[in-house]
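Notes for the structure review
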Amino acid sequence: MNSEFADRSNDGTAETQTVPILNKSTIKDIDGDDLWKFLGRFGRYQKWQTLLVFLISTNISFPILNGLFVGKNVDFACSDAVSNIKIPPNATLELSECSKKIIEIHSSQLLSETECTDYQFEGNGTFNSYVAEWKLVCGEETLGNLAQTFTMVGMAVGASTLPHFGDRFGRKKLMVGSLVSVSAVGIAMAFVKQFELFVILKFLSGVLNQGFMVPVNVFMLEILPTEMRSVASLLSTTFWVISSILNGIIGYFMRDYDWRTMQIVYGSVSISSLLFLCFLDESLRWLLGNAKVSEAEAIMKKACRMNNKDYQKLLEHVLSSKTENGVGKPGSRHALISPQNKQDSQTQTRNYASDSSKILTLLKNKNMRMISLVMCYTWMISSLTYYGLILLSTSLAGKPYVNFFIIAISEWPAGLLMVICIQRFGRKLTVLMFQLISGISLITAVLIASVAPSGNVYSILQTSFIMIGKFCASGSFNGVWIYTPELYPTNLRNVGIGLASASARIGATFSPFFTILARKVLWAPGALFAGGCFISVFLLTLVPETRWRELPRDVAEVDSWIHDDKKKKRDKNNIIPNDNI
């Protein structure tokens, strides 16, 4: 073993006792999975850190979903003065929401129609929605959805830019900076008087939300060993569901208050999350991958104390897999890189070490470039399918707040089923099947709506296929959240998942255009979504399966995966049966 040791003599004789030391040389030999397995797959330290992540994630859905409550639709009526309107004999004036109509009494013929210029909104004198305060109705109705659109655009920008800082400066620092900023922006939105400025702040909240949301999911993956990554994703889904429910609870109990007061409450809850973030440790995998010796040692000692483990024995265990020739024991990380690729791997490591946290690295290496393109496309199709199903679906019966809770809670069983399928069938097949079923469900629902006669039976059948599609689309999102980070090395993981998440936001931004297409050609959106899923099925075959593989630490390891998969495929195809046997 070529790890560095300190010699200690007990009695002055030649016999010495070797003690492993953590420094910039030996820290590179520590495998994260070996470390977490020694400490306990889900020991007291991991449980404490997971609880902290849960407490600081209570606001994670606020910038994305609270617009459903602070910008909710409000009943209104035309309030224009009618005293100066000349009404012909045998005619009557009718006031609708958006216009004034003069109708002939006997023939019900429309004689004239003019648009309203002022409106009366339902409420107790307070503007419980910014839609009411800025009168974003009738001809201005499209502006009411503009704030949510800009939030999604901001999330795309944030997901493609901010995670880079998490790879460079650490997960926790990015989370702290983003959480402080998004809380400040959230409260500031309650005091703006111009709608244009409000939209700009919604865009910023979307940007900053990704600086918090992406590293939270990455952190959960990095605190557990390989075989528990699907559990980490289910935990992240649970955090999102609980945050969504809290979002709806605030909206429900504040429904009769001014929307500005409601916005302040949302921002205040976000600020309170900072208290728990102070106790969260930096990702230990990130510290190891970036050779942060003192910080990593402090956290390792803390984890040993909380999990009742000996620190020196931990070092001996995690440093024991390295041998004199630099190749590890069978099954260790070093054994993943085949001897014939060793020289190329070392060269690639040197080439990418200087800019390992830059997006440019993903473009330099052909395998990382291929993986990034495939996963970005997969995320975009998942997003288009999910939001396409929502926009083309029929509304659930009942009150809007009850509907919101039903949709939010349904995300959890979808995540649970995804975890079960991933553990049984692997990442690629699970994501592929969830996407495919979503596309087929959409096509089926559209066909029923297009060719089936009207009736309760067909309506129920159509709604059933829509709900299956929503369920599977949600599972697909959970699946790619697990699969994508596992394909990227430590110093590129935040950037990789950030680019993929940005692609999903782009898909969500374009999804409203498919409702316009559906009004012109009803079957077209379903056909396009299904076609996109079929293309994704083919592209995913080019990406390596990550099941039972440790999280990669460098680009060379990912290259080795692909090389080994190709070699196995060639060996399988080259097997020629011997008829003489």
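Relevant structure appears above.
Computed from a predicted model, the values in this text were never measured in an experiment.

Turning our attention to the packing of helix 14 (residues 293-306) against helix 15 (residues 311-318). Each packed pair of helices is defined by two parameters, the angle between the axes and the distance between the axes. At a minimum axis distance of 9 Å, the contact between helix 14 and helix 15 shows a crossing angle of 115°. By crossing handedness, the relation of helix 14 to helix 15 is classed as right-handed. For the pair formed by helix 14 and helix 15, the contact residues are Glu-297, Met-300, Lys-301 and Cys-304 on the first element and Tyr-311, Leu-314 and Leu-315 on the second. Here the residues of the contact of helix 14 with helix 15 sort into five nonpolar, no polar and two charged.

What follows deals with unusual backbone geometry. Phi is positive for Lys-135, close to 55°, though the residue is something other than glycine. Mapped onto the elements, Lys-135 comes out in the loop between helix 5 (130-133) and helix 6 (141-144).

With that out of the way, let us pick up the environment of Leu-179. Mapped onto the elements, Leu-179 comes out in helix 9 (residues 171-188). For Leu-179, a relative accessible area of 0% translates into the label buried. Taking C-alpha positions, Leu-179 is 7.6 Å from Asn-209, a pair spaced 30 residues apart along the chain. Here Leu-179 is in contact with Asn-59, Phe-212, Ser-270, Ser-273, Leu-274 and Leu-277, once residues within four sequence places are set aside.

Enumeration according to the criterion identifies 14 aromatic pairs in this entry. Here the aromatic rings of Trp-36 and Tyr-45 are separated by 6.3 Å at their centres, their planes lie at 15°, and the arrangement is stacked. Taken as a pair, Trp-36 and Tyr-45 share a single burial class, namely buried. Aromatic side chains Phe-165 and Phe-169 sit 6.3 Å apart centroid to centroid with 10° between the ring planes, which places their arrangement in the stacked category. Of this pair, Phe-165 and Phe-169 are both found in helix 8 (residues 163-169), four residues apart, which corresponds to roughly one turn of the helix. Pairwise contacts between aromatic rings join Tyr-130, Trp-134, Phe-195, Phe-198 and Trp-259 into one cluster. A cation over a ring is seen here: Arg-255 above Tyr-252, with NZ or CZ 4.0 Å from the ring centre. Directly above the aromatic system of Tyr-311 lies the positively charged group of Lys-301, at a separation of 5.3 Å from the ring centroid.

Rules used in this analysis
- Residues numbered from 1 in each chain as written.
- Predicted model: local features only at pLDDT ≥ 70, side-chain atom pairs only at ≥ 80, totals over all residues.
- Heavy atoms only, no water.
- Axes fitted to C-alpha atoms, helices over the stretch in contact; angles between N-to-C directions.
- Helix = DSSP H or I, 4+ residues; strand = E, 2+ residues; numbered from the N terminus.
- Left-handed = near helix turned anticlockwise from the far one by under 90°.
- Contact = heavy atoms within 4.5 Å.
- Nonpolar A, V, L, I, M, F, W, Y, C, P; charged D, E, K, R; others polar.
- Buried < 20%, exposed > 50% of the residue type's maximum accessible area, 1.4 Å probe, protein only.
- Phe/Tyr/Trp six-rings, centres within 6.5 Å; stacked < 30°, edge-to-face > 60°.
- Lys NZ or Arg CZ within 6 Å of the ring centre and 35° of its normal.

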